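Chains, contacts and geometry: an overview
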Amino acid sequence: ALRPGPRPRNHPLRPYPKPHLPVAMEPQDNPTYSPIISWRGVGPHVEGWLLFYCISRTILSPSYLLLTIHNMHPLFLILLNVTATIVGLIAGASVCRRSSTALRIVAIDLVFRLIMLVAFATWQLASHRSLRSVLTVGAWALAFVLAWFLYFRTSKRVLLTLGRNL
């Protein structure tokens, strides 16, 4: 009979090898509660570009908003940026926590960024800005959203850390 070969080392369904624990870290009969262990959970941690996403959404984006909010003059632009920052903050925090709903929230964040891009481009064109500057800013924003979408769609780190891809 044909039997399938062993799964590759990095296959998502292959069980994690048991780490070698030093004597001080051997499992105890009556383990004590450790918030660090319970917070991190089991499996790979948030690292690399996934960690950059978390930091950019939870720290950099709110900081940028606080530094630039006084320069925004139309009220709807302020509301869009505040809402995008809040949605991004929730998305970044859910990815950092490796929440089961993290990818759904990331998808909402990316869709909201696209809606914000269209609204901002429309406002820029209505304000009689040059089409070239609107297209330049729009192309950068679209590339940003597309790059994160493709990362969450194809990344092995996302698959191993969050359990599935977008």
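The following refers to the structure shown.

Some words on the nonpolar core
Among the nonpolar cores identified, the biggest contains 17 residues, and L50, Y53, V95, V106, F152 and V158 are the most heavily contacted of them. Secondary-structure elements contributing two or more residues to this core are α2 (48–68), α3 (75–96), α4 (102–126), α5 (131–154) and α6 (156–162). The element contributing the most residues to this core is α4, with 5 residues. With sequence-adjacent residues up to four places away left out, Y53 is seen in contact with A91, G92, V95, V106, D109, W148 and F152.

Side note on the packing of aromatic side chains
According to the stated counting rule, one finds 9 aromatic pairs in the structure shown. Here W148 and F152 contribute two aromatic rings whose centre-to-centre distance is 6.1 Å and whose plane-to-plane angle is 40 degrees, an arrangement assigned as tilted. Separated by 4 residues within a single helix, W148 and F152 lie in helix α5, roughly one turn from each other. On the basis of relative accessible area, F152 is assigned to the buried category, the value being 0%. Residues Y151 and F152 carry aromatic rings whose centres are separated by 5.5 Å and whose planes lie at 80 degrees to one another, so their mutual orientation is edge-to-face. The exposure class of Y151 is buried, given its relative accessible area of 15%. Within the aromatic cluster, the residues linked to one another by ring pairs are W49, F52, Y53, W148, Y151 and F152.

Comments concerning the packing of α2 against α3
At a minimum axis distance of 8 Å, the contact between α2 and α3 shows a crossing angle of 150 degrees. As judged from the angle between their axes, α2 and α3 are roughly antiparallel. For the element pair α2 and α3, the recorded crossing hand is left-handed. Across from L50, Y53, C54, R57, T58, S61, P62 and L65 in α2, the residues of α3 making contact are N81, V82, T85, G88, L89, A91, G92, A93, V95 and C96. Here the residues of the contact of α2 with α3 sort into 11 nonpolar, 6 polar and 1 charged.

Cut-off values and rules
- Residues numbered from 1 in each chain as written.
- Predicted model: local features only at pLDDT ≥ 70, side-chain atom pairs only at ≥ 80, totals over all residues.
- Heavy atoms only, no water.
- Core = buried A, V, L, I, M, F, W, Y, C linked by side-chain atoms within 4.5 Å.
- Buried < 20%, exposed > 50% of the residue type's maximum accessible area, 1.4 Å probe, protein only.
- Helix = DSSP H or I, 4+ residues; strand = E, 2+ residues; numbered from the N terminus.
- Contact = heavy atoms within 4.5 Å.
- Phe/Tyr/Trp six-rings, centres within 6.5 Å; stacked < 30°, edge-to-face > 60°.
- Axes fitted to C-alpha atoms, helices over the stretch in contact; angles between N-to-C directions.
- Parallel < 35°, antiparallel > 145°, perpendicular 65-115°, else oblique.
- Left-handed = near helix turned anticlockwise from the far one by under 90°.
- Nonpolar A, V, L, I, M, F, W, Y, C, P; charged D, E, K, R; others polar.

These figures capture arrangement, not role.
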